[in-house]
Amino acid sequence: MAANSSSTQVIYAALVGNLLVAFTKAGAAAWTGSSAMLSEAIHSFVDIGNQVLLLYGMRRAKLRADPDHPIGYGRELYFWSFIVALLVFALGAVVSIYHGILHVRTPEPIHDAFVNYIVLGLAFVFEGASWWVAFRHFKIMKGQQGYYEAFRTSKDPPSFVGLFEDSAALIGIVIAAFGTFASTRLGLPALDGVASILIGGVLACAAALLARESKSLLIGERADQRLSDSLLRIAEAASVSAKANGVLTVQLAPDQILAALSLEFPDALRVPEVEAAVAEIERQIRIAHPEVVTLFIKPQTAAAFKETVRRRFGEQPAALGLIVAPAPNANPFQPQQQTP
(Lines give C-alpha, C1' and ligand atoms only; values in the text may rest on other atoms or scores of the structure.)
Protein backbone atom coordinates (compact mmCIF):
# COMPACT_ATOMS: atom_id res chain seq x y z
CA MET A 1 0.00 0.00 0.00
CA ALA A 2 2.93 2.35 0.66
CA ALA A 3 4.18 1.91 -2.89
CA ASN A 4 0.68 2.59 -4.20
CA SER A 5 0.50 5.78 -2.15
CA SER A 6 3.89 6.90 -3.51
CA SER A 7 2.72 6.25 -7.07
CA THR A 8 -0.33 8.43 -6.40
CA GLN A 9 1.95 11.23 -5.23
CA VAL A 10 3.97 10.92 -8.45
CA ILE A 11 0.80 11.27 -10.55
CA TYR A 12 -0.38 14.31 -8.57
CA ALA A 13 3.04 15.94 -8.91
CA ALA A 14 2.93 15.42 -12.69
CA LEU A 15 -0.64 16.74 -12.84
CA VAL A 16 0.29 19.94 -11.00
CA GLY A 17 3.33 20.45 -13.23
CA ASN A 18 1.32 20.03 -16.43
CA LEU A 19 -1.46 22.32 -15.24
CA LEU A 20 1.11 25.04 -14.58
CA VAL A 21 2.56 24.89 -18.09
CA ALA A 22 -0.27 23.73 -20.39
CA PHE A 23 -2.20 27.00 -20.62
CA THR A 24 1.02 29.01 -20.64
CA LYS A 25 2.29 27.03 -23.63
CA ALA A 26 -1.03 27.38 -25.43
CA GLY A 27 -1.01 31.14 -24.89
CA ALA A 28 2.58 31.42 -26.10
CA ALA A 29 1.78 29.30 -29.19
CA ALA A 30 -1.18 31.56 -30.04
CA TRP A 31 0.94 34.70 -29.51
CA THR A 32 4.05 33.65 -31.44
CA GLY A 33 2.57 31.26 -34.03
CA SER A 34 5.20 28.62 -33.20
CA SER A 35 4.34 25.11 -34.41
CA ALA A 36 6.76 23.50 -31.96
CA MET A 37 5.22 25.43 -29.06
CA LEU A 38 1.76 24.31 -30.16
CA SER A 39 2.98 20.69 -30.16
CA GLU A 40 4.28 21.19 -26.63
CA ALA A 41 0.92 22.65 -25.54
CA ILE A 42 -0.91 19.66 -27.06
CA HIS A 43 1.49 17.32 -25.25
CA SER A 44 0.81 19.00 -21.90
CA PHE A 45 -2.97 18.87 -22.33
CA VAL A 46 -2.75 15.18 -23.30
CA ASP A 47 -0.63 14.52 -20.21
CA ILE A 48 -3.24 16.19 -17.99
CA GLY A 49 -5.92 13.92 -19.38
CA ASN A 50 -3.65 10.91 -18.97
CA GLN A 51 -2.96 11.63 -15.31
CA VAL A 52 -6.68 12.01 -14.63
CA LEU A 53 -7.28 8.62 -16.29
CA LEU A 54 -4.51 6.99 -14.20
CA LEU A 55 -5.99 8.39 -10.99
CA TYR A 56 -9.39 7.09 -12.07
CA GLY A 57 -7.89 3.68 -12.82
CA MET A 58 -6.16 3.56 -9.43
CA ARG A 59 -9.45 4.40 -7.73
CA ARG A 60 -11.38 1.75 -9.70
CA ALA A 61 -8.71 -0.88 -8.99
CA LYS A 62 -9.44 -0.58 -5.26
CA LEU A 63 -13.12 -1.48 -5.61
CA ARG A 64 -14.20 -4.57 -3.74
CA ALA A 65 -14.87 -7.77 -5.68
CA ASP A 66 -18.51 -8.56 -6.45
CA PRO A 67 -20.39 -11.53 -7.97
CA ASP A 68 -19.95 -10.13 -11.50
CA HIS A 69 -16.21 -9.51 -10.95
CA PRO A 70 -15.15 -12.25 -8.52
CA ILE A 71 -11.42 -11.45 -8.64
CA GLY A 72 -11.97 -7.72 -8.29
CA TYR A 73 -11.30 -4.68 -10.44
CA GLY A 74 -7.51 -4.56 -10.14
CA ARG A 75 -6.87 -4.84 -13.87
CA GLU A 76 -8.75 -1.60 -14.52
CA LEU A 77 -5.50 0.18 -13.69
CA TYR A 78 -3.72 -1.77 -16.43
CA PHE A 79 -6.57 -1.05 -18.87
CA TRP A 80 -6.42 2.69 -18.30
CA SER A 81 -2.62 2.62 -18.49
CA PHE A 82 -2.97 1.09 -21.95
CA ILE A 83 -5.50 3.78 -22.91
CA VAL A 84 -2.99 6.42 -21.75
CA ALA A 85 -0.36 4.96 -24.09
CA LEU A 86 -2.85 5.10 -26.98
CA LEU A 87 -3.69 8.72 -26.20
CA VAL A 88 -0.03 9.70 -26.07
CA PHE A 89 0.30 8.28 -29.58
CA ALA A 90 -3.00 9.40 -31.10
CA LEU A 91 -3.43 12.85 -29.53
CA GLY A 92 0.23 13.61 -28.86
CA ALA A 93 2.45 12.06 -31.50
CA VAL A 94 0.08 11.99 -34.50
CA VAL A 95 -1.26 15.53 -33.98
CA SER A 96 2.25 16.94 -33.46
CA ILE A 97 3.59 15.23 -36.59
CA TYR A 98 0.57 16.28 -38.65
CA HIS A 99 0.81 19.91 -37.53
CA GLY A 100 4.57 19.88 -38.15
CA ILE A 101 4.10 18.63 -41.71
CA LEU A 102 1.56 21.40 -42.37
CA HIS A 103 4.02 23.98 -41.03
CA VAL A 104 6.83 22.63 -43.21
CA ARG A 105 4.63 22.81 -46.30
CA THR A 106 3.33 26.30 -45.49
CA PRO A 107 5.89 27.84 -43.11
CA GLU A 108 5.07 30.96 -41.13
CA PRO A 109 7.63 33.01 -39.20
CA ILE A 110 7.63 33.03 -35.41
CA HIS A 111 6.61 36.35 -33.89
CA ASP A 112 8.26 37.52 -30.66
CA ALA A 113 10.43 34.43 -30.11
CA PHE A 114 11.51 35.81 -26.71
CA VAL A 115 8.11 34.82 -25.32
CA ASN A 116 8.78 31.24 -26.46
CA TYR A 117 12.09 31.16 -24.59
CA ILE A 118 10.53 32.43 -21.36
CA VAL A 119 7.67 29.94 -21.49
CA LEU A 120 9.95 27.03 -22.40
CA GLY A 121 12.31 27.94 -19.57
CA LEU A 122 9.47 27.98 -17.03
CA ALA A 123 8.06 24.77 -18.47
CA PHE A 124 11.44 23.09 -18.12
CA VAL A 125 11.60 24.07 -14.44
CA PHE A 126 8.07 22.80 -13.69
CA GLU A 127 8.45 19.61 -15.73
CA GLY A 128 11.90 19.05 -14.24
CA ALA A 129 10.50 19.22 -10.72
CA SER A 130 7.80 16.70 -11.65
CA TRP A 131 10.40 14.49 -13.36
CA TRP A 132 12.61 14.54 -10.25
CA VAL A 133 9.72 13.33 -8.05
CA ALA A 134 8.97 10.50 -10.51
CA PHE A 135 12.65 9.60 -10.88
CA ARG A 136 13.29 9.38 -7.13
CA HIS A 137 10.23 7.17 -6.69
CA PHE A 138 11.26 4.88 -9.53
CA LYS A 139 14.85 4.70 -8.28
CA ILE A 140 13.64 3.49 -4.90
CA MET A 141 11.29 0.93 -6.46
CA LYS A 142 13.86 -0.54 -8.86
CA GLY A 143 16.21 -1.68 -6.09
CA GLN A 144 19.29 -3.40 -7.53
CA GLN A 145 17.82 -3.73 -11.02
CA GLY A 146 18.84 -1.63 -13.99
CA TYR A 147 16.41 1.07 -15.07
CA TYR A 148 15.23 -0.67 -18.24
CA GLU A 149 15.00 -4.05 -16.46
CA ALA A 150 12.97 -2.44 -13.68
CA PHE A 151 10.65 -0.90 -16.26
CA ARG A 152 10.10 -4.28 -17.95
CA THR A 153 9.45 -6.12 -14.66
CA SER A 154 7.44 -3.39 -12.90
CA LYS A 155 3.83 -4.22 -12.04
CA ASP A 156 2.97 -0.59 -11.18
CA PRO A 157 2.27 1.49 -14.34
CA PRO A 158 1.87 4.87 -12.55
CA SER A 159 5.46 4.51 -11.31
CA PHE A 160 6.88 4.50 -14.85
CA VAL A 161 4.18 6.27 -16.90
CA GLY A 162 4.85 9.54 -15.09
CA LEU A 163 8.60 9.17 -15.56
CA PHE A 164 8.22 8.43 -19.28
CA GLU A 165 5.82 11.32 -19.86
CA ASP A 166 8.00 13.80 -17.98
CA SER A 167 11.14 12.59 -19.79
CA ALA A 168 9.40 13.00 -23.14
CA ALA A 169 8.22 16.46 -22.07
CA LEU A 170 11.75 17.60 -21.16
CA ILE A 171 13.15 16.29 -24.44
CA GLY A 172 10.30 18.01 -26.29
CA ILE A 173 11.02 21.33 -24.57
CA VAL A 174 14.66 21.17 -25.63
CA ILE A 175 13.66 20.34 -29.22
CA ALA A 176 11.13 23.20 -29.25
CA ALA A 177 13.78 25.64 -28.01
CA PHE A 178 16.25 24.56 -30.72
CA GLY A 179 13.47 24.75 -33.31
CA THR A 180 12.61 28.30 -32.28
CA PHE A 181 16.27 29.32 -32.29
CA ALA A 182 17.02 27.77 -35.70
CA SER A 183 13.84 29.13 -37.24
CA THR A 184 14.49 32.73 -36.17
CA ARG A 185 18.28 32.91 -36.49
CA LEU A 186 18.56 31.10 -39.81
CA GLY A 187 15.44 32.65 -41.25
CA LEU A 188 13.98 29.22 -42.05
CA PRO A 189 10.47 29.02 -40.56
CA ALA A 190 10.12 25.45 -41.82
CA LEU A 191 12.59 24.32 -39.15
CA ASP A 192 9.94 25.09 -36.52
CA GLY A 193 7.73 22.52 -38.26
CA VAL A 194 10.63 20.05 -38.29
CA ALA A 195 10.93 20.50 -34.51
CA SER A 196 7.23 19.71 -34.18
CA ILE A 197 7.72 16.49 -36.18
CA LEU A 198 10.66 15.51 -33.96
CA ILE A 199 8.56 16.10 -30.85
CA GLY A 200 5.91 13.83 -32.32
CA GLY A 201 8.57 11.18 -32.92
CA VAL A 202 9.65 11.34 -29.27
CA LEU A 203 6.04 10.92 -28.15
CA ALA A 204 5.54 8.01 -30.54
CA CYS A 205 8.56 6.18 -29.07
CA ALA A 206 7.35 6.77 -25.51
CA ALA A 207 3.84 5.62 -26.44
CA ALA A 208 5.15 2.41 -28.06
CA LEU A 209 7.13 1.45 -24.94
CA LEU A 210 4.23 2.25 -22.60
CA ALA A 211 1.74 0.37 -24.77
CA ARG A 212 3.91 -2.75 -24.92
CA GLU A 213 4.36 -2.99 -21.17
CA SER A 214 0.78 -2.01 -20.32
CA LYS A 215 -0.56 -4.59 -22.78
CA SER A 216 1.55 -7.31 -21.17
CA LEU A 217 0.20 -6.43 -17.71
CA LEU A 218 -3.36 -6.24 -19.02
CA ILE A 219 -3.14 -9.69 -20.61
CA GLY A 220 -1.74 -11.07 -17.35
CA GLU A 221 1.84 -11.35 -16.10
CA ARG A 222 2.99 -13.67 -13.34
CA ALA A 223 4.01 -12.15 -10.03
CA ASP A 224 7.61 -11.80 -8.89
CA GLN A 225 9.41 -15.17 -8.75
CA ARG A 226 10.51 -14.46 -5.17
CA LEU A 227 6.87 -14.36 -4.10
CA SER A 228 6.22 -17.72 -5.80
CA ASP A 229 9.19 -19.25 -3.99
CA SER A 230 7.95 -17.81 -0.70
CA LEU A 231 4.46 -19.26 -1.17
CA LEU A 232 5.90 -22.73 -1.78
CA ARG A 233 8.08 -22.52 1.33
CA ILE A 234 5.21 -21.31 3.48
CA ALA A 235 2.98 -24.11 2.23
CA GLU A 236 5.49 -26.83 3.12
CA ALA A 237 6.43 -25.24 6.46
CA ALA A 238 2.80 -24.77 7.51
CA SER A 239 1.91 -28.44 7.14
CA VAL A 240 4.31 -31.32 7.70
CA SER A 241 2.03 -33.56 5.69
CA ALA A 242 1.86 -31.37 2.58
CA LYS A 243 4.38 -31.30 -0.26
CA ALA A 244 4.23 -28.30 -2.60
CA ASN A 245 4.23 -29.24 -6.28
CA GLY A 246 4.21 -25.73 -7.67
CA VAL A 247 2.37 -22.43 -7.88
CA LEU A 248 0.83 -20.30 -10.60
CA THR A 249 0.49 -16.54 -9.99
CA VAL A 250 -1.13 -13.69 -11.90
CA GLN A 251 -0.62 -9.99 -11.17
CA LEU A 252 -4.05 -8.34 -10.97
CA ALA A 253 -2.83 -4.92 -9.82
CA PRO A 254 0.34 -3.53 -8.20
CA ASP A 255 -0.89 -4.70 -4.78
CA GLN A 256 -3.24 -7.55 -5.86
CA ILE A 257 -2.13 -11.06 -6.81
CA LEU A 258 -3.99 -14.26 -7.66
CA ALA A 259 -2.20 -17.49 -6.68
CA ALA A 260 -3.03 -21.15 -7.32
CA LEU A 261 -1.09 -23.69 -5.26
CA SER A 262 -0.76 -27.40 -6.05
CA LEU A 263 -0.15 -29.56 -2.97
CA GLU A 264 0.21 -33.30 -2.50
CA PHE A 265 -1.13 -34.88 0.68
CA PRO A 266 -0.58 -38.46 1.92
CA ASP A 267 -3.39 -40.83 0.96
CA ALA A 268 -3.79 -41.82 4.60
CA LEU A 269 -5.04 -38.35 5.60
CA ARG A 270 -8.76 -37.94 6.18
CA VAL A 271 -10.74 -35.13 4.55
CA PRO A 272 -11.04 -33.07 7.79
CA GLU A 273 -7.26 -33.28 8.23
CA VAL A 274 -6.65 -32.06 4.68
CA GLU A 275 -9.13 -29.23 5.21
CA ALA A 276 -7.37 -28.20 8.43
CA ALA A 277 -3.97 -28.23 6.69
CA VAL A 278 -5.30 -26.12 3.80
CA ALA A 279 -6.87 -23.63 6.23
CA GLU A 280 -3.57 -23.25 8.11
CA ILE A 281 -1.63 -22.72 4.87
CA GLU A 282 -4.13 -20.08 3.77
CA ARG A 283 -3.89 -18.34 7.13
CA GLN A 284 -0.10 -18.14 7.06
CA ILE A 285 -0.02 -16.95 3.44
CA ARG A 286 -2.54 -14.19 4.23
CA ILE A 287 -0.34 -13.01 7.09
CA ALA A 288 2.93 -13.11 5.13
CA HIS A 289 1.54 -11.80 1.84
CA PRO A 290 -1.64 -9.72 2.18
CA GLU A 291 -1.24 -8.75 -1.47
CA VAL A 292 -2.38 -12.29 -2.37
CA VAL A 293 -6.06 -11.37 -2.53
CA THR A 294 -7.24 -14.53 -4.29
CA LEU A 295 -5.81 -17.93 -3.33
CA PHE A 296 -6.70 -21.37 -4.67
CA ILE A 297 -5.22 -24.58 -3.24
CA LYS A 298 -5.62 -27.79 -5.21
CA PRO A 299 -4.71 -31.16 -3.66
CA GLN A 300 -3.20 -33.39 -6.37
CA THR A 301 -0.26 -35.71 -6.94
CA ALA A 302 3.02 -34.43 -8.33
CA ALA A 303 2.52 -36.53 -11.47
CA ALA A 304 -0.92 -35.04 -12.09
CA PHE A 305 0.45 -31.52 -11.60
CA LYS A 306 3.31 -32.11 -14.02
CA GLU A 307 0.93 -33.43 -16.63
CA THR A 308 -1.39 -30.45 -16.19
CA VAL A 309 1.51 -28.02 -16.57
CA ARG A 310 2.83 -29.92 -19.61
CA ARG A 311 -0.54 -29.68 -21.34
CA ARG A 312 -0.84 -26.00 -20.48
CA PHE A 313 2.68 -24.73 -21.15
CA GLY A 314 4.26 -27.33 -23.43
CA GLU A 315 7.36 -29.44 -23.03
CA GLN A 316 9.45 -26.87 -21.15
CA PRO A 317 7.40 -25.96 -18.08
CA ALA A 318 10.44 -26.21 -15.79
CA ALA A 319 11.66 -22.93 -17.25
CA LEU A 320 8.54 -21.32 -15.75
CA GLY A 321 9.54 -22.33 -12.24
CA LEU A 322 6.27 -24.21 -11.78
CA ILE A 323 7.13 -27.88 -11.24
CA VAL A 324 9.93 -28.24 -8.73
CA ALA A 325 9.37 -26.47 -5.47
CA PRO A 326 12.49 -24.72 -4.10
CA ALA A 327 14.41 -26.44 -1.36
CA PRO A 328 13.12 -25.29 2.02
CA ASN A 329 15.25 -22.52 3.46
CA ALA A 330 14.77 -18.98 4.68
CA ASN A 331 11.87 -17.01 3.26
CA PRO A 332 13.42 -14.36 0.95
CA PHE A 333 10.78 -11.85 2.05
CA GLN A 334 11.83 -12.15 5.70
CA PRO A 335 15.11 -10.84 7.18
CA GLN A 336 17.58 -13.64 7.81
CA GLN A 337 19.16 -14.07 11.24
CA GLN A 338 22.91 -14.13 11.50
CA THR A 339 24.38 -17.02 13.52
CA PRO A 340 26.97 -15.87 16.09
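Refer to the structure printed above.
Residues numbered from 1 in each chain as written. Predicted model: local features only at pLDDT ≥ 70, side-chain atom pairs only at ≥ 80, totals over all residues. Heavy atoms only, no water.

K.L.:
Help me get a handle on the packing of helix α2 (residues 35-61) against helix α7 (residues 190-219), residues and values and all.
P.N.:
Axis separation between α2 and α7 bottoms out at 7 Å; the angle between their running directions is 25 degrees. Comparing the axis directions of α2 and α7 gives the class roughly parallel. Taken together, the residues of α7 that come into contact with α2 (itself represented by Ser-35, Ala-36, Ser-39, Glu-40 and His-43) are Asp-192, Gly-193, Ala-195, Ser-196, Ile-199 and Leu-203. (Axes fitted to C-alpha atoms, helices over the stretch in contact; angles between N-to-C directions. Helix = DSSP H or I, 4+ residues; strand = E, 2+ residues; numbered from the N terminus. Parallel < 35°, antiparallel > 145°, perpendicular 65-115°, else oblique. Contact = heavy atoms within 4.5 Å.)

K.L.:
Tell me what's going on with the side chain of Asn-50, and back it up with residues and numbers.
P.N.:
Structurally, Asn-50 can be placed in helix α2. Judged by its relative accessible area of 0%, Asn-50 is buried. Here the side chain of Asn-50 touches Glu-165 through a polar contact of 2.9 Å, side chain to side chain. Sequence-distant contacts of Asn-50, that is, excluding residues within four places in its chain, are made with Val-84, Leu-87, Val-88 and Glu-165. (Buried < 20%, exposed > 50% of the residue type's maximum accessible area, 1.4 Å probe, protein only. Polar contact = N/O pair within 3.5 Å; in protein donor to acceptor, adjacent residues only side chain to side chain.)

K.L.:
I'd love a proper account of empty space enclosed by the protein, names of residues and values included.
P.N.:
In this structure the tally under the stated criterion is two cavities of 30 Å³ or more. Of the pockets and cavities examined, the second largest cavity occupies roughly 30 Å³. If you trace the second largest cavity, you find it lined by His-43, Asp-47, Val-88, Phe-164, Glu-165, Ala-168, Leu-203, Ala-206 and Leu-210. At the level of elements, α2, α6 (157-185) and α7 are the ones that each hand at least two residues to the lining of the second largest cavity. Broken down by class, the residue content of the lining of the second largest cavity amounts to six nonpolar, one polar and two charged. (1 Å grid on protein atoms, 1.4 Å probe; cavity = no way out; pocket = protein on both sides within 12 Å on 5 of 7 lines; lining within 4 Å. Points joined across faces, edges and corners; volume = space filled by probe spheres on them. Nonpolar A, V, L, I, M, F, W, Y, C, P; charged D, E, K, R; others polar.)

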